[in-house]
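Examination of the molecular architecture
Here are the chains, one letter per residue:
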Amino acid sequence: MLHLKLNFDIFLDTLYIMNRILKAIVFFLAAGNMAYAQIVEPAKWTWKVVQKDAKEAELIATVKLDKDWHIYSQKELSDGPLPTVFTWPKIGGYSLVGTTKEPTNGHPDKMWEEQGV
């Protein structure tokens, strides 16, 4: 007959430590998921290239915004909102001709109009 004598205190200590480790792992996994859930992408951009001639093309960017979202003009106003900025990487194979243009069918932001901007 085999008799095993377990040290019950060591068993409880080990169980307690494993429980704490498991809770820490679950906490960090949940925190990571919550942080990821905060990423909002209200703007969906599409791009189209229109060939002007053999050496020149026009890149047309179109944005579709979620409801109640907007973007500001590229024009910088004193004491106004930060302008939308387009940055084009410097890589071989193309050079920029002119500047980025924006449509004229935008509308003023009432909040900035009320502040006299």
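Whatever comes next refers back to the structure up there.
To keep things clear, this report deals only with the structure shown in the data block. Quick caveat: nothing in here was measured; it's all calculated off a predicted structure.

1. So, the overall build of the chain
The secondary structure content of the chain amounts to 2 helices and 2 strands. Helices (α) and strands (β) of the chain occur, in sequence order from the N terminus, as α-β-β-α. Within the span of the chain, comprising 117 residues, buried residues form 3% of the whole. Accessible surface computed for the chain: about 11500 Å², of which carbon and sulfur atoms make up 62%.

2. Overview of the packing of aromatic side chains
One pass over the full model with this rule turns up 5 aromatic pairs. Geometrically, the ring pair formed by Phe27 and Phe28 is edge-to-face, given 5.3 Å between the ring centres and 75° between the ring planes. Residue class for Phe27 comes out exposed when judged on its relative accessible area of 52%. On the basis of relative accessible area, Phe28 is assigned to the exposed category, the value being 59%. With centroids separated by 5.8 Å and ring planes inclined at 90°, the aromatic side chains of Trp45 and Phe86 adopt a geometry described as edge-to-face. Remark: Phe86 occurs in the loop between strand S2 (57-65) and helix H2 (110-114) and Trp45 occurs in strand S1 (residues 43-51); sequence separation between them is 41 residues. According to the relative accessible area criterion, Phe86 is partly exposed, its value standing at 27%. Taken together, the ring pairs connect Trp45, Trp47, Phe86 and Trp88 into an aromatic cluster.

3. Description of unusual backbone geometry
Despite not being glycine, Asp68 has its phi angle at roughly 70°, a positive value. In this fold, Asp68 is placed in the loop between S2 and H2. Here Asp68 falls in the exposed class, since its relative accessible area comes to 71%.

4. Examining the pattern of salt bridges
Here the structure, examined in full by the defined rule, presents 3 salt bridges. The salt bridge partner of Lys75 is Glu102, with a shortest N-O separation of 3.9 Å. Here Glu102 lies in the loop between S2 and H2 and Lys75 lies in the loop between S2 and H2, a separation of 27 residues in the sequence. Among the residues examined, Lys75 registers a relative accessible area of 59% and is labelled exposed.

5. Remarks on the pairing of S2
In the sheet, S1 pairs with S2 via 9 bridges, with the strands oriented antiparallel. Residue pairing in the sheet places Trp47 in a bridge with Ala61 of S2. Remark: 5 residues form the turn of the hairpin made by S1 and S2, two consecutive strands paired antiparallel.

6. Looking at the layout of surface pockets
When its volume is computed, the largest pocket comes out at roughly 2000 Å³. Listed by contribution, the elements that provide at least two residues to the lining of the largest pocket are S1, S2 and H2. No other element matches S2, which puts 8 residues into the lining of the largest pocket. Its residues assigned to classes, the lining of the largest pocket shows 24 nonpolar, 14 polar and 10 charged.

7. Examining the environment of Tyr72
As for its placement among the helices and strands, Tyr72 is situated in the loop between S2 and H2. Ignoring anything within four residues of it in the chain, the contact list for Tyr72 reads Pro81, Leu82, Thr84, Asp109, Met111 and Trp112. Looking at Tyr72, its side chain comes within polar contact range of the side chain of His70, at 3.3 Å.

Analysis parameters
- Residues numbered from 1 in each chain as written.
- Predicted model: local features only at pLDDT ≥ 70, side-chain atom pairs only at ≥ 80, totals over all residues.
- Heavy atoms only, no water.
- Helix = DSSP H or I, 4+ residues; strand = E, 2+ residues; numbered from the N terminus.
- Buried < 20%, exposed > 50% of the residue type's maximum accessible area, 1.4 Å probe, protein only.
- Areas by Shrake-Rupley, 256 points an atom, 1.4 Å probe, with all protein chains shown as cover.
- Phe/Tyr/Trp six-rings, centres within 6.5 Å; stacked < 30°, edge-to-face > 60°.
- Salt bridge = Lys/Arg side-chain N within 4 Å of Asp/Glu carboxyl O.
- Pairing = 2+ DSSP bridges.
- 1 Å grid on protein atoms, 1.4 Å probe; cavity = no way out; pocket = protein on both sides within 12 Å on 5 of 7 lines; lining within 4 Å.
- Points joined across faces, edges and corners; volume = space filled by probe spheres on them.
- Nonpolar A, V, L, I, M, F, W, Y, C, P; charged D, E, K, R; others polar.
- Contact = heavy atoms within 4.5 Å.
- Polar contact = N/O pair within 3.5 Å; in protein donor to acceptor, adjacent residues only side chain to side chain.

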